[in-house]
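# Report on the structure
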Amino acid sequence: MHTTYVIVTVVAAATVFGTTVVDIVAPEWVRGNMRSYGVPEWALLPLAVIKAVGALGLLVGLAVPPIGLAAGIGLVLYFLGAVFTVVRARWYTHIPYPMPCLLLAVATVSLFPAA
């Protein structure tokens with residue numbers, strides 16, 4: 001397995017897990033942002049679970065590559081949805097927030113064929 005793929009995958013999984021923890025803790029600034037985007041507060045936990053499963057899938061994918069590819073694609077779609085949600089709410093200054101996770105997910109999927 002290619003070293004770069006492993007490093008990017010582990011960093012992506014750790015980053016997504018970190019954002020999952022923030023969603024689970026749900027400080028007021030997160031809840032306020034979600035309200036501003038039109039996302040109901042009750043959706044925070046299910047969204048956090050989706051991200052956690054995706055991050056776990058990336059790690060499992062190091063041993064079972066098809067699962068990692070599916071998780072990577074799922075995370076790309078998830079974070080594209082996050083960007084779309086921010087744009088739809090017209091909070092253009094918040095677009096950079098989901099971008100690191102999106103770029104890491106894209107990098108993981110992009111590097112998959114080389115692994």
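For the structure given in this document, a descriptive report is provided here. (Residues numbered from 1 in each chain as written. Predicted model: local features only at pLDDT ≥ 70, side-chain atom pairs only at ≥ 80, totals over all residues. Heavy atoms only, no water.)

What follows deals with the pattern of salt bridges. The final tally for this structure, using the stated rule, is four salt bridges. Of the charged contacts in the structure, one is a salt bridge between R35 and E28, with a shortest N-O distance of 2.5 Å. A salt bridge links E41 to R35; the shortest N-O distance between them is 2.8 Å. The class of E41 is partly exposed, set by a relative accessible area of 39%. Given a relative accessible area of 43%, R35 falls into the partly exposed group. Through salt bridges that share partners, E28, R31, R35 and E41 make up one connected network. (Salt bridge = Lys/Arg side-chain N within 4 Å of Asp/Glu carboxyl O. Buried < 20%, exposed > 50% of the residue type's maximum accessible area, 1.4 Å probe, protein only.)

Before going further, it helps to examine the nonpolar core. Generally speaking, soluble globular proteins have nonpolar side chains that are buried together. By size, the foremost hydrophobic cluster in this structure holds 14 residues, and its most contacted members are V16, L58, L75, F79 and L102. By residue number, the principal contributor to this core is helix α4 (residues 65–88), which donates six residues. Here L58 is in contact with T9, A12, A13, G68, A71, G72, L75 and T108, once residues within four sequence places are set aside. Listed in part, the eight residues of the second largest apolar core include V30, A43, L44 and V86. (Core = buried A, V, L, I, M, F, W, Y, C linked by side-chain atoms within 4.5 Å. Helix = DSSP H or I, 4+ residues; strand = E, 2+ residues; numbered from the N terminus. Contact = heavy atoms within 4.5 Å.)

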